Amino acid sequence: LDPEQVNGQEKVSSNLHLVMADGHGEAISEPLAAAKAAHPESVPETRILRSEHIELEMKPGGRDVQEIRTSTQAQLEFKPNRGGQTQRVLDASRLRILYCEGSYVDTFLAWNVATHTDKPVVKKQAAAAAPALTWSDQMTAKFAPNTNQIATIDQQGNFRYQEGERKARANKAFLEQAANRITLTEKAEVADDSGVARADHIVMDQTSGDMDATGHVLSTHSPDKNQKPGTSMLDTSQPMQASAEEMHTRDSNSQVAYRGRAAMWQGANRISADRIDINRDEQSLHAVGNVVSELVDNKAGQDAVFTVVRAPELTYRDDTREALYTGGVTLMRGKMTVTSKQMRAFLTPKTAGNSDDSSLD
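Since we're looking at a predicted model, the values are computed, not measured.

Remarks on the overall build of the protein
Consideration 1: Secondary structure summary: the protein contains one helix and 22 strands in total.
Consideration 2: Classification of the 361 residues of the protein by burial places 39% in the buried group.
Consideration 3: Sequence separation of at least 24 residues holds for 42% of the intrachain contacts in the protein that already meet a minimum separation of 6.
Consideration 4: As displayed, the protein has an accessible area near 19,600 Å², and 50% of this comes from carbon and sulfur atoms.

What to know about the pattern of salt bridges
Consideration 1: For the structure shown, the criterion picks out 17 salt bridges.
Consideration 2: Measuring nitrogen to oxygen at the nearest pair gives 3.4 Å for the salt bridge that ties K142 to D106. Of this pair, K142 sits in strand β10 (residues 132-143) while D106 sits in strand β9 (residues 105-118); the two residues are 36 residues apart in sequence, bridging distant segments of the chain.
Consideration 3: Given a relative accessible area of 35%, K142 falls into the partly exposed group.
Consideration 4: By relative accessible area, which is 29% here, D106 ends up partly exposed.
Consideration 5: One salt bridge in this structure joins D210 and R250, with 3.8 Å as the shortest N-O distance. On the criterion of sequence distance, the pair formed by D210 in the loop between β14 (195-205) and β15 (211-221) and R250 in strand β16 (residues 240-250) is long-range, its members being 40 residues apart.
Consideration 6: Residue classification places D210 among the buried positions, given a relative accessible area of 17%.
Consideration 7: By relative accessible area, which is 32% here, R250 ends up partly exposed.
Consideration 8: One salt-bridge network, in which partners are shared between bridges, spans E55, E57, E67, R69 and R96.

So, the packing of aromatic side chains
The geometry of an aromatic ring pair is captured by the separation of the ring centres together with the interplanar angle, meaning the angle of the planes.
Consideration 1: Scanning the entire structure with this criterion turns up zero aromatic pairs.
Consideration 2: Over the ring of W111 we find R94, and its NZ or CZ is 3.8 Å from the ring centre.

Focus on the side chain of T46
Consideration 1: Note that T46 resides in strand β4 (residues 46-58).
Consideration 2: Apart from residues no more than four positions distant in its own chain, T46 is found in contact with I28, S29, E30, P31, E77, F78, K79 and N81.

Side note on the pairing of strand β17 (residues 255-266)
Consideration 1: Sheet topology note: the β16/β17 ladder contains eight bridges and is antiparallel. Paired with T249 across the bridge in β17 is V256.
Consideration 2: From the end of β16 to the start of β17, which pair antiparallel, there are four residues, and D251 there has a positive phi angle of about 50 degrees.
Consideration 3: Pairing of β17 with strand β18 (residues 269-279) involves ten bridges; the strand directions are antiparallel. Each residue of the ladder has a partner; that of Y258, found in β18, is I276.

A word on the environment of P80
Consideration 1: Relative to the helices and strands, P80 resides in the loop between β6 (74-79) and β7 (87-92).
Consideration 2: Distance in space between the C-alpha atoms of P80 and E45 is 4.8 Å, their sequence separation being 35 residues.
Consideration 3: Beyond its immediate stretch of four places on either side in the chain, P80 contacts E45, Q85, T86 and Q87.

What to know about the nonpolar core
Consideration 1: Judged by nonpolar contacts, the single largest core of 65 residues is most densely connected at F108, L184, Y258 and I276.
Consideration 2: Beyond its immediate chain neighbours, meaning those up to four positions away, Y258 contacts S219, M240, A242, A244, E246, M247, D274, R275, I276 and I278.

Remarks on unusual backbone geometry
Consideration 1: Unlike most non-glycine residues, N112 shows phi in positive territory, near 50 degrees.
Consideration 2: Tracing the sequence through the fold places N112 in strand β9.
Consideration 3: Within the chain, H216 stands out as a residue other than glycine whose phi angle is a positive 50 degrees.
Consideration 4: Residue placement: H216 occurs in strand β15.
Consideration 5: Overall, the relative accessible area of 59% leaves H216 in the exposed class.

Looking at the pairing of strand β19 (residues 284-297)
Within a regular strand, the side chains alternate between the two sheet faces.
Consideration 1: Most of β19 sits inside the fold, with ten of its 14 residues counted as buried.
Consideration 2: Here eight bridges tie β18 to β19, and the two strands are oriented antiparallel to one another. Counted as the bridge partner of S272 is V292 from β19.
Consideration 3: Hairpin geometry of β18 and β19 is characterised by an intervening segment of four residues between the two adjacent antiparallel strands and by a positive phi of about 55 degrees at Q283.
Consideration 4: Direction of pairing for β19 relative to strand β20 (residues 305-317): antiparallel, over a ladder of twelve bridges. The residue bridging S293 from the neighbouring strand is V309, located in β20.

Cut-offs applied
Residues numbered from 1 in each chain as written. Predicted model: local features only at pLDDT ≥ 70, side-chain atom pairs only at ≥ 80, totals over all residues. Heavy atoms only, no water. Helix = DSSP H or I, 4+ residues; strand = E, 2+ residues; numbered from the N terminus. Buried < 20%, exposed > 50% of the residue type's maximum accessible area, 1.4 Å probe, protein only. Contact = heavy atoms within 4.5 Å. Areas by Shrake-Rupley, 256 points an atom, 1.4 Å probe, with all protein chains shown as cover. Salt bridge = Lys/Arg side-chain N within 4 Å of Asp/Glu carboxyl O. Phe/Tyr/Trp six-rings, centres within 6.5 Å; stacked < 30°, edge-to-face > 60°. Lys NZ or Arg CZ within 6 Å of the ring centre and 35° of its normal. Pairing = 2+ DSSP bridges. Core = buried A, V, L, I, M, F, W, Y, C linked by side-chain atoms within 4.5 Å.

Structure follows, in structure tokens:
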């Protein structure tokens with residue numbers, strides 16, 4: 001109880017300082033009905049905290065919340081109150097919720113965290129998307145001022161992520177809620193059913209599925225089982241591996257761009273350049289700057305023969321099985337050397353019984 005002076009006399013008022021709940025504790029924060037009616041478009045989610053021990057501390061004066069914390073295993077559920085909101089459940093070994101003026105949430109802290117997020121169905125009768133799952137040693141969530149809505153989430157320590165076929169891991173992860181974008185740093189890795197990408201820094205756009213990777217990029221793309229015979233300049237029977245300083249994917253991985261000391265290889269076949277662009281829908285490859293292609297022929301009963309071509313630019317199309325080198329070309333094959341302003345190479349058409357993708361016709 002706090003003493004106070006009223007008309008020169010000391011009186012006692014009952015200002016709330018601390019509330020503690022033990023044993024199946026539950027704290028619910030729900031928007032007021034008046035707020036829902038006045039601003040339905042900005043109503044936050046209902047938050048439900050469950051734990052065996054909950055402490056609620058008030059600011060001086062007892063009107064606004066200072067902090068809610070748990071010292072034992074806790075679960076925090078975000079329940080949508082309007083369309084477009086996600087339902088999220090968070091489990092942690094302990095947590096703290098810090099408030100600013102007006103009892104608006106400012107910062108959320110949690111340890112040994114696992115989250116489960118169900119995205120809203122965008123179209124009627126559309127199949128529900130796979131839930132987004134994350135795990136990390138620590139989490140810090142910042143809320144937009146005076147909204148009780150999450151702005152950013154920072155997770156550190158053994159971060160892992162899974163959404164359908166896509167998985168990711170890193171030491172640090174940063175989510176921007178409004179942009180629906182995740183940034184992974186320190187030993188970042190993203191994998192799905194088509195391959196794996198590793199880099200110092202990876203940014204994933206959760207809405208479009210696009211990805212940007214920078215710094216010591218290494219990627220592996222598995223062979224496409226539905227790919228027609230002869231739809232690659234390299235060997236389609238083996239995984240395609242690549243390295244570069246940057247990698248950018250667009251349109252569900254149908255377009256892939258490598259920048260900065262880019263190199264691709266499958267088996268003994270290899271292409272390197274300053275830039276390499278792949279368009280899987282158009283079945284084309286475009287390489288620019290210090291292009292070097294190395295193709296090997298493995299004939300039965302014969303030693304492997306390498307064909308090395310150097311040029312400033314290379315354009316390859318699968319529909320014609322043609323590789324066009326331009327800008328001043330040098331070809332070396334065994335004891336033969338050919339130089340020209342441009343050179344067109346025709347690869348042997350791929351058939352079901354022919355695995356020698358690199359043969360020159």
